[in-house]
Amino acid sequence: MEPYGITDQPLDVAALSAFVADPAAGAIVTFLGTSRSSSADATNVERPVETLWYEAYGPMAAKRLRVIGEEARARHGATRVACWHRTGEVAIGEASVAIAVSSPHRAEAFACCRDIIDEIKRSVPIWKRERFTDGEEWVEGYDGSE
Amino acid sequence: MRVRVLFFAVARDRAGVSTDTVEIEDGATVAALFARLAVMHPALKDVLPACRAAVDEAFAPHATQLADGQTVAVLPPVSGG
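Everything numeric in this text was worked out from a predicted model, so none of it was measured.

Peer 1: Looking at this structure, how should I read the overall build of chain B?
Peer 2: In terms of regular secondary structure, chain B is built from two helices and five strands. Helices and strands in chain B line up, N terminus first, as β-α-β-α-β-β-β. For chain B, whose C-alpha radius of gyration is 11 Å, the value lies close to the compact-globule estimate of 12 Å for 81 residues. Over its C-alpha atoms, taken along the principal directions, chain B stretches across nearly 35 × 25 × 20 Å.

In structure tokens form, the structure reads like this:
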């Protein structure tokens, strides 16, 4: 399988985990970002979310996932990395992003996985749209400023 | 010169189109293109300041000079993950 990509199909974390498995690795860390059933509005009031929808600039998003994953892998000395993000409608409780990292010891795998999800939220061109009982809106995200 | 522009998420909603072709002076920067887009699509004006640009699928600072035939994506604040 391809270690990095964008798909409109449900994510298969078992496949990612199998991809990063390696005899040199003593740890595999996986992360799933899942869609939540409520979202805070501008006044910090939680509103129930009916459905979530992701749009991506597909070709650039796939490139960014690869760069982020491979840079983090090199920085932490991890063994293998795989990361996919989903687009289209994602039902509540389902995964929108899946990451798997293997490394010789667990500390590097945890740190590498965390760096990857943090950087995805900063610099992968993907946008979340939430539908509430009373309307829908794009979620305000990270604009590149420090 | 001519560049292709892609709009995403709230920028696409505001522009009312997902792609556009813009005729602009040779050597124009991303900033100059954004200024032009605000005139072409007035509803974009208040979302553009928060948008980043990508030129041919890579982030590009607003000072980047554009070349004929390039594709510029208008990227609102990202919210993936």
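That covers the picture; the talk isn't over yet.
Peer 1: Hey, could you run me through unusual backbone geometry in this one?
Peer 2: With the exception of glycine, most residues fall at negative phi, and the peptide bonds are largely trans. All names here are of chain B. Of note, the phi angle at A9 is positive, near 50°, even though the residue is not glycine. Looking at the secondary structure, you find A9 in helix α1 (residues 9-15). For A9, a relative accessible area of 1% gives the class buried.

Peer 1: So what exactly am I meant to see when it comes to the pattern of salt bridges here?
Peer 2: Side chains that carry opposite charge are capable of pairing whenever their charged atoms lie near each other. Evaluated as defined, the whole model comprises 18 salt bridges over all chains. For the salt bridge of R47 of chain A with D134 of chain A, the shortest nitrogen-to-oxygen distance reads 3.3 Å. Separated by 87 residues along the polypeptide, R47 of chain A in strand β4 (residues 46-56) and D134 of chain A in the loop between β8 (126-132) and β9 (135-138) bring together distant segments of the chain. For D134 of chain A, a relative accessible area of 58% puts it in the exposed group. R64 of chain A serves as the salt-bridge partner of E119 of chain A, at 3.8 Å between the closest nitrogen and oxygen. Pair noted here: E119 of chain A is in helix α3 (residues 106-123) and R64 of chain A is in helix α2 (residues 58-76), with a separation of 55 residues, a long-range link. It is possible to trace a salt-bridge network through shared partners that takes in R129, R131 and E136 of chain A together with D13 of chain B.

Peer 1: Explain the interface of chain A and chain B to me, please; I cannot follow it from the model alone.
Peer 2: Many descriptions give the size of an interface as the accessible area lost when the pieces come together. Taken together, the contact pairs 29 residues of chain A with 22 residues of chain B. Taking both partners together, chain A and chain B bury about 2,000 Å²; carbon and sulfur atoms supply 57% of that area. There are three salt bridges connecting chain A and chain B. With a closest N to O distance of 2.8 Å, E57 of chain B and K63 of chain A form a salt bridge. Counting across the interface, chain A meets chain B through 15 residue pairs in polar contact (both at pLDDT 80 or more). Broken down by secondary-structure element, the contributors of at least two residues to the side of chain A that touches chain B are β4, α2, β7 (95-103), α3 and β8 of chain A. Ranked by residue count, the leading element in the side of chain A that touches chain B is α3 of chain A, at five residues. The residue makeup of the side of chain A that touches chain B, split by class, is 15 nonpolar, five polar and nine charged.

Peer 1: Explanation requested: the nonpolar core in the structure shown.
Peer 2: In globular proteins that are soluble, nonpolar side chains generally tend to be buried together. In this structure, Y57 of chain A together with L33, L37 and V74 of chain B are the most contacted members of the largest nonpolar core, which totals 36 residues. Contributions of two or more residues to this core are made by β1 (2-7), α1, α2 (30-40), β3 (52-55) and β5 (71-75) of chain B. Looking at which element gives the most residues to this core, the answer is α2 of chain B, with five residues. When neighbours within four sequence positions are excluded, V74 of chain B is seen to be in contact with V5, L6, F7, F8, A11, F34, L37, L48, C51 and R52 of chain B.

Peer 1: What is the right way to read the packing of aromatic side chains from this model?
Peer 2: In this description, an aromatic ring pair is defined by two values, namely the gap between the centres and the angle between the planes. According to the stated counting rule, one finds three aromatic pairs over all chains in the structure shown. Ring pairs connect the aromatic residues Y57 and W127 of chain A together with F8 of chain B, which therefore count as one cluster. Taking the ring centre of F132 of chain A as reference, the NZ or CZ of R47 of chain A above it sits at 3.7 Å. Across from the ring centre of F19 of chain A, 4.5 Å away, lies the NZ or CZ of R80 of chain A, which sits over that ring.

Peer 1: Explain the environment of E55 of chain A here, please?
Peer 2: Within the secondary structure layout, E55 of chain A lies in strand β4. Taking the C-alpha atoms as reference points, E55 of chain A and T34 of chain A, 21 residues apart in sequence, are found 16 Å from one another. With residues up to four places along the chain from it excluded, the contact list for E55 of chain A reads P125, I126, W127 and W138 of chain A together with F8, A9 and R12 of chain B. In terms of polar contacts, E55 of chain A uses its side chain to reach the backbone amide nitrogen of A9 of chain B, at 3.2 Å.

Reading guide: rules and limits
- Residues numbered from 1 in each chain as written.
- Chains lettered and ligands numbered in written order.
- Predicted model: local features only at pLDDT ≥ 70, side-chain atom pairs only at ≥ 80, totals over all residues.
- Heavy atoms only, no water.
- Helix = DSSP H or I, 4+ residues; strand = E, 2+ residues; numbered from the N terminus.
- Rg over C-alpha atoms; globule rule 2.2 N^0.38 Å.
- Buried < 20%, exposed > 50% of the residue type's maximum accessible area, 1.4 Å probe, protein only.
- Salt bridge = Lys/Arg side-chain N within 4 Å of Asp/Glu carboxyl O.
- Contact = heavy atoms within 4.5 Å.
- Buried area = accessible area lost by both parts, 1.4 Å probe.
- Polar contact = N/O pair within 3.5 Å; in protein donor to acceptor, adjacent residues only side chain to side chain.
- Nonpolar A, V, L, I, M, F, W, Y, C, P; charged D, E, K, R; others polar.
- Core = buried A, V, L, I, M, F, W, Y, C linked by side-chain atoms within 4.5 Å.
- Phe/Tyr/Trp six-rings, centres within 6.5 Å; stacked < 30°, edge-to-face > 60°.
- Lys NZ or Arg CZ within 6 Å of the ring centre and 35° of its normal.

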